[in-house]
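Reading the structure
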Amino acid sequence: MKKRFILYAIFVSTLLGSCKQDFLDTDPATEFSDNTVWTDPALVGTFINQIYFRLDEPLTDGRFKANLVDEGHYRGNAASLNFNKSLMTPDGLMGWTVSRYRSWADMYKTIRFCNIFFSKVDEVPFIEDNVDGKSTKDRMSGEVHFLRAFTYHNLVSIYGGVPIITEVYGLEDEFLKERDTYAACVDFMVSELDKAAALLPEKHSGANQGRATKGAALALKARVLLYAASDLYNTTIFPGYEKQDLIRYTSGDRRARWTAAKDAAKAVIDLGVYSLYKGNPSASENIPQNLTEIFLNKSTEEDIFIKYFTTPMGQRAGLYTSPNGYHGWGTNAPLGDMVDAFEMKDGTPFSWSNAAAAADPYANRDPRFYSTILYNGAEWRIRPDDAKGLDPLNRIQTGRWEKWNASTNKMEVVYGVDTRKSTIEDWNGAYTGYYLRKYIDPNVDAQYVRQAVTWRFIRYAEVLLNYAEACIELGMEQEARTYLNMIRKRAGMPDITESGAALKAKYRNERRVELAFEEHRIFDVRRWAIGPEVYNITTKVADIVYPMNSDHTTATKPIVKHIDFEKYAWSNKAYFLPILRDEMNKNNLLIQNPEY
């Protein structure tokens, strides 16, 4: 097999010292042969850059995993409805593989690149140097250990135990390999991340910003160990499945697993490198704006592992997600169920049974609601020319107005420009009455320009949440509350005071709203083994009407309700995805996941 590797112009400019762009601010440029790569450390850098490029995130292709759980809805229905009805078979994943780098085969391709690096790195003529406290060889080796662990973490989170492959297969080699146990996979990832942490600097400078750091390795280790201690991997959900060790632990001390997860998260905290962005807001600060900035600023003190973009390589997320009244496509639309998860500003749960809250459901909510959701009446960017006359106030319109037509002596219904009956684009538009604000740059006209928002793979708030969860499971409730309340304080929310089961429920909701649409919820639902609770529901969407008064005027305040939408369903087999039949046919030693 001829090996060729995509190279990026950034490294040429960086190595020549002619450019100070951040790492990964780049486009594909040219290719070099395998033999050339390993004779030049600069080209080895471009080889590693390709591995970073392959990491899966939703901003590039514009489709979020949130649509596969109770966060969002994909307008085309394929992702939202089909997956949630568990219509998955070894012949197709029904909406999951919407990214080029999300499938079994593509992730193993990424792992192969990592393995090639380790097979060649000792041949590279590195010079003796020290940048940010590490040699180039050590830093590059640490990055690839991290990237290999990151890819295995994605695989294991989807499939359970998978074959651990560390060598480079050639055409003449035997490709058959059994799946390793779940426990062995966790041990391997932890080992990789320990190696990475020892080799990587705490911070990168100059053009290396954006590469994996010691903190990134430790934070991913904390996530891996948190998952490993969770219910899915420590309880028997498939009693008839013969190979239990492929999908869970079959021995060992679960409390020790929670302790390991806690200690790993605390190690990140104790680095003293990271802090919450604007973590101590004053009473006069615009907290929703602070929270919005976390996801629009190029970098913050909260970033642990991120991906930079530039406009030429840009993202489809802005176009896919924006309201149709701005000529967006209205996908990744928050469900009413997600909206209802945001508490009231005083920390009490939002409830449609509360008459005052139901009468004005978008008032006095958790500030994270306003930085995450575009709702009817929310201020947004200036309308395009063909919609300015329909919305001079530049506010989201997902409702309908009942208006009296004096000439016909009848009531007419006028639909908002962001509804599916918009006069702008009635074929686009969300079904849910909501649009996603998080990660969408209002300064970019997404109809014509691709945005270039930084993607956060790991940020400090997740580490604090991971630490708090492990503390709760270990009975360290005051410690958990301390760290949860750091996040709450930043969000302008009152302290959590609950204990016991109420604290655990409060934590899970806190994680849900803090990390909304950040690709966590789909895995949290699975590792907590709460699929039946989350998926056996009828999802909710907003129904918004400005009613006509008895004097034929139209009310200026709408009546908002959440009404039934799609009926989801759950099958336990959805805790793990099936290995595709093509992969099973290539390797007859593979054992399929339960119930497929």
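Residues numbered from 1 in each chain as written. Predicted model: local features only at pLDDT ≥ 70, side-chain atom pairs only at ≥ 80, totals over all residues. Heavy atoms only, no water.

This paragraph deals with the overall build of the chain. Looking only at helices and strands, the chain features 21 helices and twelve strands. The dimensions of the chain, computed from C-alpha atoms along their principal axes, are 85 × 55 × 50 Å. Within the chain, buried positions represent 59% of all 596 residues. In the chain, the share of contacts with a sequence separation of at least 24, taken over all contacts with a separation of at least 6, comes to 71%. (Helix = DSSP H or I, 4+ residues; strand = E, 2+ residues; numbered from the N terminus. Buried < 20%, exposed > 50% of the residue type's maximum accessible area, 1.4 Å probe, protein only. Contact = heavy atoms within 4.5 Å.)

With that out of the way, let us pick up a negative patch on the surface. Residues Glu 167, Glu 172, Asp 173 and Glu 174 make up a contiguous surface patch of negative charge. Residue position: Glu 167 is located in the loop between helix 7 (136-159) and helix 8 (182-199). The exposure class assigned to Glu 167 is partly exposed, which follows from its relative accessible area of 38%. (Patch = residues over 30% accessible without salt bridge, like charges linked within 9 Å, V, L, I, M, F, W, Y side chains within 5 Å. Areas by Shrake-Rupley, 256 points an atom, 1.4 Å probe, with all protein chains shown as cover. Salt bridge = Lys/Arg side-chain N within 4 Å of Asp/Glu carboxyl O. Lys, Arg positive; Asp, Glu negative; His and termini not counted. Charge placed at Lys NZ, Arg CZ, Asp CG, Glu CD.)

We now examine the sheet that holds strand 12 (residues 559-567). Strand pairing in a sheet is mediated by backbone hydrogen bonds. Such pairs are either parallel or antiparallel. Read across the open sheet, the four strands follow the order 8-7-11-12; overall the sheet is mixed. Edge positions in the open sheet fall to strand 8 (410-415) and strand 12, since each of these has one partner strand only. The mean angle between the axes of side-by-side strands here comes to 30 degrees, regardless of whether they run parallel or antiparallel. Two strands pair when backbone bridges link them, and strand 7 (residues 400-405) and strand 11 (residues 538-546) are joined in this way by two bridges, in the parallel orientation. Across the sheet, residue Trp 401 finds its bridge partner in strand 11, namely Tyr 546. (Pairing = 2+ DSSP bridges. Axes fitted to C-alpha atoms, helices over the stretch in contact; angles between N-to-C directions.)

Residues Phe 146, Tyr 152 and Phe 305 are the most contacted members of the largest nonpolar core, which totals 159 residues. Broken down by element, this core gets its largest block of residues, twelve residues, from helix 9 (residues 214-229). (Core = buried A, V, L, I, M, F, W, Y, C linked by side-chain atoms within 4.5 Å.)

What follows is about the pattern of salt bridges. Tallied over the entire structure, the rule returns 45 salt bridges. Close ionic contact of Lys 262 with Asp 263 constitutes a salt bridge, the shortest N to O distance being 2.9 Å. Measuring nitrogen to oxygen at the nearest pair gives 2.9 Å for the salt bridge that ties Arg 400 to Asp 543. Here the residue Arg 400 occupies a position in strand 7, and Asp 543 occupies one in strand 11, the gap between them amounting to 143 residues.

Next up on the list: a nonpolar patch on the surface. On the surface, Met 411, Val 413 and Tyr 415 cluster together into a nonpolar patch covering about 230 Å² of accessible area. If you trace the backbone, Tyr 415 turns up in strand 8.

Once that is clear, we can look at unusual backbone geometry. One non-glycine residue with positive phi stands out, namely Asn 409, at about 60 degrees. Position of Asn 409 among the secondary structure elements: in the loop between strand 7 and strand 8. For Asn 409, a relative accessible area of 55% corresponds to the exposed category.

Attention shifts here to the side chain of Glu 293. Looking at the element boundaries, Glu 293 is found in helix 11 (residues 287-296). Residues contacting Glu 293, with those up to four places away along its chain left out, are Tyr 277 and Lys 278.

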